[in-house]
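# Fold and geometry: a report
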Amino acid sequence: MLGAKLVTDLITGVESPWAELYRPQRKPLSSPGTFLSENLNAVAQYAALLTPGEVSSVDDIAVDCGAILRKGLTKVAAYRDKEGQIHQCSALCTHQQGVVVWNDVEKSWDCPVHGSRFCPEGRVLTGPAVEPLPPLAEP
């Protein structure tokens, strides 16, 4: 409701006592350490784009487990189902392109950037992502 009031005030030119507090460009001077820490954390999440895979081949993936592997410049999320079939999809989250990680407890691909979760085959379980992980050719 406050957001609607602020936008209305901005459009109509009314001075709002809340405008400065909620200004999108604000940077809290009282906490530069937190600001820097959060931004470095965001950069660190994307560093996984540059790393090698967790395994070098789908042959290294156990039954009912997933792992990230690299194929050239592509990061691949590979899952071996209970029947031994391999399912491969892009390891880049469809929300903000973070590299997903295998969650062995939940048996899901989880994105550390904003918390999207995908089933082992790449369908969205929870957002903010709304699109599934794109499937890739089988090995």
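Keep in mind that this is a model prediction, so the values were computed, not measured. Residue numbers here run from 1 along each chain, matching the order of that chain's written sequence. pLDDT decides what is reported in this predicted model: residues at 70 or higher carry local features, side-chain atom pairs at 80 or more are listed and counted, and totals for whole chains, interfaces and linings draw on all residues regardless. Side-chain numbers here rest on the full set of heavy atoms in the structure, without hydrogens or water.

### Some remarks on the sheet that holds strand β1 (residues 65-71)
Counted only if it meets this: Strands were regarded as paired on the criterion that DSSP finds at least two bridges between them. Going along the chain from the N terminus, every DSSP run of H or I of four or more residues is numbered as a helix, and every run of E of two or more is numbered as a strand. Here an angle of 0 to 180 degrees is reported between the N-to-C directions of two axes, which are lines fitted to C-alpha atoms, with helices fitted over the stretch in contact.
Taking strand neighbours across the sheet as the criterion, the three strands line up as β1-β2-β3 in an open arrangement whose pairing is antiparallel. Whereas interior strands pair on both sides, the edge strands pair on one side only; in this sheet they are β1 and β3 (86-90). Sheet twist, expressed as the average angle between the axes of neighbouring strands with direction ignored, equals 30 degrees. For strand β2 (residues 74-80) and β3, the ladder comprises five bridges, and the chain directions are antiparallel. Within the sheet, the bridge partner assigned to Tyr79 lies in β3 and is His87.

### Some thoughts on the sheet that holds strand β4 (residues 101-103)
Strands in a sheet are paired, the pairing made by backbone hydrogen bonds, and the direction either parallel or antiparallel. Judged by pairing direction, the sheet is antiparallel, and its four strands sit side by side in the order β4-β5-β6-β7 without closing on themselves. Strand pairing shows two members of the sheet lacking a second neighbour, β4 and β7 (124-126), which therefore form its edges.

### Some remarks on the pattern of salt bridges
The line we're drawing: Salt bridges are counted wherever a side-chain nitrogen of Lys or Arg sits within 4 Å of a carboxyl oxygen of Asp or Glu. Think of it in three bands: residues with accessible area under 20% of the maximum for their type are buried, residues over 50% are exposed, and the middle band is partly exposed, with areas taken using a 1.4 Å probe on protein chains only.
Summed over all chains, the structure comprises five salt bridges. Lys107 is the partner of Asp64 in a salt bridge, and the nearest nitrogen-oxygen pair spans 3.9 Å. With a gap of 43 residues between them, Asp64 in the loop between α2 (32-46) and β1 and Lys107 in the loop between β4 and β5 (108-110) connect regions that are remote in the sequence. Take Asp64: its relative accessible area is 17%, and that puts it in the buried class. Lys107 sits in the partly exposed class, given a relative accessible area of 25%. One salt bridge connects Glu106 with Arg117, and the closest N-O pair in it is separated by 3.7 Å. Pair noted here: Glu106 is in the loop between β4 and β5 and Arg117 is in strand β6 (residues 117-118), with a separation of 11 residues, a long-range link. Given the relative accessible area of 23%, Arg117 is considered partly exposed. One continuous salt-bridge network, built from bridges that share partners, spans Asp64, Asp104 and Lys107.

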